Amino acid sequence: MEELVFKHSIPIQLRFNDTDSLGHVNNSVYFSFYDLGKTSYFSAIKGEMMTPERVDVVVAHAEVDFLKPVFLDSNVAVQTTVSHIGNKSFTLIQRIIDLDNNDIKCVCKTVMVGFDYKNNITIPISDEWRHMIEQFEGRKY
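The sections below set out a description of the structure shown in this document. (Residues numbered from 1 in each chain as written. Predicted model: local features only at pLDDT ≥ 70, side-chain atom pairs only at ≥ 80, totals over all residues. Heavy atoms only, no water.)

All right, on to the packing of aromatic side chains then. As enumerated under the stated definition, the model contains eight aromatic pairs in all. When the ring of Tyr41 is compared with that of Phe136, the centres are 5.4 Å apart and the planes differ by 80 degrees; the resulting orientation is edge-to-face. Here the residue Tyr41 occupies a position in helix α1 (residues 30-46), and Phe136 occupies one in helix α2 (residues 127-137), the gap between them amounting to 95 residues. When its relative accessible area of 0% is taken as the criterion, Tyr41 is described as buried. The partly exposed category is assigned to Phe136, whose relative accessible area is 23%. When the centroid spacing of 6.2 Å and the interplanar angle of 85 degrees are considered together, the rings of Phe42 and Phe90 count as edge-to-face. Taken together, the residues span a long stretch of sequence, with Phe42 in helix α1 and Phe90 in strand β4 (residues 89-98) at a distance of 48 residues. Judged by relative accessible area, Phe90 falls into the buried class, the value being 0%. (Phe/Tyr/Trp six-rings, centres within 6.5 Å; stacked < 30°, edge-to-face > 60°. Helix = DSSP H or I, 4+ residues; strand = E, 2+ residues; numbered from the N terminus. Buried < 20%, exposed > 50% of the residue type's maximum accessible area, 1.4 Å probe, protein only.)

Structural data, given as structure tokens:
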């Protein structure tokens, strides 16, 4: 498998209420970080914010590997890339990385599926999505 290159990164501001009784960021909070990364990534590749009426992909599956704890004083960011584009889906790989020492704290794999909200059905990933991702990532899928 080729080494993934993460061209998109967004810093995360940690808050006291992100932590649990053990003093590290609670595992349920990571998904909100990954959502911020996804939103920012989609805005970067589209050149605009995704509005509700233009959303045509949904999360179909997400899996996370928690590797090392994140603490309140950590300097972290979410990095995002696309590892695969299929007919009706594409796969996002995201990770939380410590910006001070490049430690990877957590990795998330999310399958995004093309979706038509009006008809409530899955649809193929549009040529527009494919082109925008390939342009941003600088590679063909």
